[in-house]
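Notes for the structure review
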Amino acid sequence: MAIKDYIRERFFPHIWCPGCGHGTVLNSLLRTVSQLGMSRNEIVMVSGIGCSSRISGYVDFHTLHTLHGRALAFATGVKLSRPELNLIVPMGDGDALAIGGNHFIHAARRNIDLTAIVMNNRIYGMTGGQYSPLSGHGTLATTAPYTNIDYAFDTVELATAAGASFVARSTTYHVQQLAKILKQAILHEGFSVVEVLTQCPTYFGRKNRLGSAADMMEDYKNNTTPIGSKAKKENPDLIERGVFVQKEIPEYCSEYDKIIERAMKGK
Amino acid sequence: MKTENIKFIQGNEACVEGALYAGLDFFAGYPITPSTEIAELLSRRLPQKGGKFIQMEDEIASMSAIIGASLTGSKVMTATSGPGFSLMQEALGYAIMTEIPCVIVNVQRGGPSTGIPTHVSQGDVNQTRWGTHGDHAIVALTASNHQDVFETTVEAFNISETYRTPVVLLYDEVVGHMRERLRVPETGELPLAERLRTSVSEGVDYHPYLPREDGRLPMSDFGGVHRYNVTGLFHDMWGFPSDNPKVVHGLLRHLVDKIQNNVNQIARFKEFYLEDAECILISYGSSARSARHVVEYLRPRGERIGLLELQTLWPFPHDIVNEKCANAKYMVVVEMNMGQILREVKRAVKNPERVFLANRIDGVFIAPRDIRDILRIIQGKGV
Ligand SMILES: Cc1ncc(C[n+]2csc(CCOP(=O)(O)OP(=O)(O)O)c2C)c(N)n1
Ligand code: SF4
């Protein structure tokens, strides 16, 4: 199906600022879904609250726009109840890892088959530029006027430690790679996490004097490198992109099917 | 003759039996005294019928998970007590706003905070009504014995499906843990309300939030042929966010009216010796057991006393309470809190100055003797 068949044109224009990276994530995701030839009826998109979470309104899937931080918990209910559905859960960095951090690590630990997309703009966009757990030490935000003294999570390390069976990172600059990774993540059976570095020129960019959206994307090009590259060895500050974890371990809903079998046999 | 299905069990177990009878498919919860037995029992029973049980990481997640599961067409429930119920409030409001059927059991213990976990209280009555933010309506049912726990649990699912609303089952520690006899009704003996699904066919526009003439909203399961948006923001008939004042006003009125306009249909209550009663005890949950005992004790001794046992606490049946109390000289509300239903009764009757409170707030079950002692004091005042 063509990409435009996957969107709800009636609900455009979208709410995002010019230059916001979230639209690029939407674009890559729809290209992926279209390439995979998935039917709209088999996809459920669950999101939380934030600029990023508004993505669910624009796609013509079954869409559930929930509470700040709780998307993965709602998605767990949908998935366990109807395991044949494909669950895609886009979240902001605050949504996924501040208020939703507990649900994030537990969904990873269970290895339930959800595709979690962390749209990491290092800021709370929707509420106007407060620091997030991914802003990082030394950044500026409306609630860190003197400079942020909180250290950031590393989404990839956190997801890996929590037990996610697929963990990857890309950026809005690397759209080809992003689409490829999203495809792998959706096809992966188990909990998959894709962190996407996505620019918020309006708040993170402006507060931290990073220039225009194009400048910020240029930074993604210059400050990131493929996993294990020579460049990384020479410059450890570079952020790695690619698939960090991909392992086959039993998925939660299939495991629960075995519980049902045992219970029905009376064992 | 068929042997009846008689069990000698805890109230929490009667609730589980009722939920399964009503067709429960999905339960998500987090352990907390005195409700934990419900989760334990369902972890065993649900997979036996192909249903799903999941222990979530907290009560916020539990409430969220059942809402998600309900959208796929499952009948869903969670169970908790005070601290967990507090954590559920935001998602409870979400279920109200999005009109997703679900049942929440709160087996009450003493609060605030961690309070007195293994002791009884009825202190969450007002939290149930007002706990989530914003104007809204809510349905809450309760019961005083296991047969009624079973029936109100079934009724909770029926109301939840009929009105597309969360329903809170407000039990308490005494009812939850006490053991007594339950006769499990035969299949078909109690009516079951199934989900009203849309008859709109594939390819035709389905408006998930456009009420029918009778106010009901036919649903379409997630995963089915109709794709739509569900959001906790004010939304239009498509389920898409809107801040149009007409849309906001219309939706809020719809959410409140669909419950408040059906107060009498939702009201469940029992009455004992009300016809000629000069004194009417008004009670609910486990305290109604003691109140009933007092009435049965004093009647043969010549006192014209009766009991109105409420099973629907919210929406509060003001008209029914007013009508039942019209000829009484005075009313005594028996409850284990500082007067949460007392306030509603005072608001309901024509003579609020003649409504008194018989309560205990020390974690100890209110016994018939406690009520009789308080009655003597009230009567001593010359009512
Ligand atoms: C319980 C609760 N607390 C706070 C908020 C306010 N709030 C809305 S979105 C948001 C943060 C958004 O940041 P992020 O999740 O990173 O997404 P972004 O907007 O940057 O895409 C906050 C704090 C809320 N809606 N609910
Ligand atoms: S505030 Fe930032 S995250 Fe939100 S839409 Fe604007 S650019 Fe995007």
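Residues numbered from 1 in each chain as written. Chains lettered and ligands numbered in written order. Predicted model: local features only at pLDDT ≥ 70, side-chain atom pairs only at ≥ 80, totals over all residues. Heavy atoms only, no water.

From N to C terminus, chain B includes 14 helices and 16 strands. Expected size for 383 residues packed as a compact globule is a radius of gyration near 21 Å; at 21 Å, chain B falls within 12% of this value. For the C-alpha atoms alone, the extent of chain B along its principal axes is close to 70 × 50 × 45 Å. Within chain B, the fraction of its 383 residues that count as buried is 61%. Across chain B, contacts joining residues at least 24 apart in sequence account for 76% of those joining residues at least 6 apart. A distance of 4 Å separates the average location of the 40 positive side-chain charges in chain B from that of its 46 negative side-chain charges. (Helix = DSSP H or I, 4+ residues; strand = E, 2+ residues; numbered from the N terminus. Rg over C-alpha atoms; globule rule 2.2 N^0.38 Å. Buried < 20%, exposed > 50% of the residue type's maximum accessible area, 1.4 Å probe, protein only. Contact = heavy atoms within 4.5 Å. Lys, Arg positive; Asp, Glu negative; His and termini not counted. Charge placed at Lys NZ, Arg CZ, Asp CG, Glu CD.)

Residues and elements named next belong to chain A. Reported here for the largest pocket is a volume of approximately 640 Å³. Taken together, 30 residues make up the lining of the largest pocket; nearest its centre are N120, R122, L134, L197 and I239. Among the secondary structure elements, those contributing two or more residues to the lining of the largest pocket are helix 6 (155-162), strand 6 (192-197), helix 9 (213-223) and strand 8 (239-246). At 4 residues, the largest contribution of residues to the lining of the largest pocket is made by helix 9. (1 Å grid on protein atoms, 1.4 Å probe; cavity = no way out; pocket = protein on both sides within 12 Å on 5 of 7 lines; lining within 4 Å. Points joined across faces, edges and corners; volume = space filled by probe spheres on them.)

Note that soluble globular proteins tend to have their nonpolar side chains buried in a common cluster. One finds I38(B), L42(B), M63(B), M77(B), I282(B) and V321(B) to be the most contacted residues of the largest nonpolar core, which totals 131 residues. Taken domain by domain, the makeup of this core includes at least three residues from each of domain 1 (3-183) and domain 2 (269-378) of chain B. I282(B) has contacts with L308(B), L310(B), V321(B), C325(B), M331(B), V332(B), V333(B), V334(B) and V345(B), leaving out every residue within four places of it along the chain. Counting 30 residues, the second-largest nonpolar core is a separate cluster that includes V33(A), I55(A), L178(A) and V194(A). (Core = buried A, V, L, I, M, F, W, Y, C linked by side-chain atoms within 4.5 Å. Domains from an automatic or database assignment.)

In this section: the sheet that holds strand 15 (residues 330-335) of chain B. Residues and elements named next belong to chain B. Strands sit in the order 11-13-12-15-16 across an open sheet of 5 strands; the sheet is mixed. Of all strands in the sheet, those bounded by a partner on one side alone are strand 11 (269-272) and strand 16 (355-359). The average undirected angle you get between the axes of adjacent strands in this sheet is 20°. One ladder, built from 4 bridges, connects strand 11 with strand 13 (residues 305-310); its direction is antiparallel. Directly across from F272, in strand 13, lies its bridge partner L307. (Pairing = 2+ DSSP bridges. Axes fitted to C-alpha atoms, helices over the stretch in contact; angles between N-to-C directions.)

Around ligand 1, a shell composed of 18 residues is seen, among which C51(A), S52(A), G94(A), D95(A) and G125(A) lie nearest. Of the chains in the model, those with residues near ligand 1 are chains A and B. In this structure, G94(A) approaches ligand 1 through a main-chain N or O atom, which is 2.9 Å from an oxygen atom. One of the backbone nitrogen or oxygen atoms of G125(A) is found 2.8 Å away from an oxygen atom of ligand 1. For ligand 1, whose free accessible area comes to 590 Å², the fraction covered by protein is 78%. Among the elements that take part in the shell around ligand 1, helix 4 (residues 93-97) of chain A stands out by supplying 3 residues, more than any other. Looking at side-chain class alone, the shell around ligand 1 contains 6 nonpolar, 9 polar and 3 charged residues. (Near = heavy atom within 4 Å. Polar contact = N/O pair within 3.5 Å; in protein donor to acceptor, adjacent residues only side chain to side chain. Areas by Shrake-Rupley, 256 points an atom, 1.4 Å probe, with all protein chains shown as cover. Nonpolar A, V, L, I, M, F, W, Y, C, P; charged D, E, K, R; others polar.)

Now for the site of ligand 2. Neighbouring residues of ligand 2: W16(A), C17(A), C20(A), H22(A), C51(A), N121(A), G125(A), C200(A), P201(A), T202(A) and Y203(A). For the shell around ligand 2, a count of residues per class yields 7 nonpolar, 4 polar and no charged.

This part covers the interface of chain B and chain A. Taken together, the contacts link 44 residues of chain B with 39 residues of chain A. Here chain B packs against chain A, burying approximately 3,400 Å² in sum over the two surfaces, 59% of which is carbon and sulfur. The interface formed by chain B and chain A contains 2 salt bridges. The salt bridge involving D60(A) is made with R227(B); its shortest N-O contact spans 3.0 Å. There are 20 residue pairs in polar contact (both at pLDDT 80 or more) connecting chain B and chain A. Elements supplying a minimum of two residues to the side of chain B that touches chain A: helix 2 (36-48), strand 3 (52-55), helix 3 (59-71), helix 5 (89-98) and strand 10 (229-231) of chain B. (Buried area = accessible area lost by both parts, 1.4 Å probe. Salt bridge = Lys/Arg side-chain N within 4 Å of Asp/Glu carboxyl O.)

Residues and elements named next belong to chain B. Among the structural elements, R347 can be located in helix 13 (residues 340-348). Assessed through its relative accessible area of 57%, R347 is described here as exposed. Linking R347 and V321, residues 26 residues apart in sequence, is a C-alpha distance of 9.9 Å.

Okay, the side chain of H174(A) next. Residues and elements named next belong to chain A. With respect to the helices, strands and loops of the structure, H174 is situated in the loop between strand 5 (166-171) and helix 7 (175-187). Within polar-contact distance, the side chain of H174 engages the side chain of T171 at 2.7 Å. Sequence-distant contacts of H174, defined by excluding residues within four places in its chain, comprise Y220, K221, T224 and R241.

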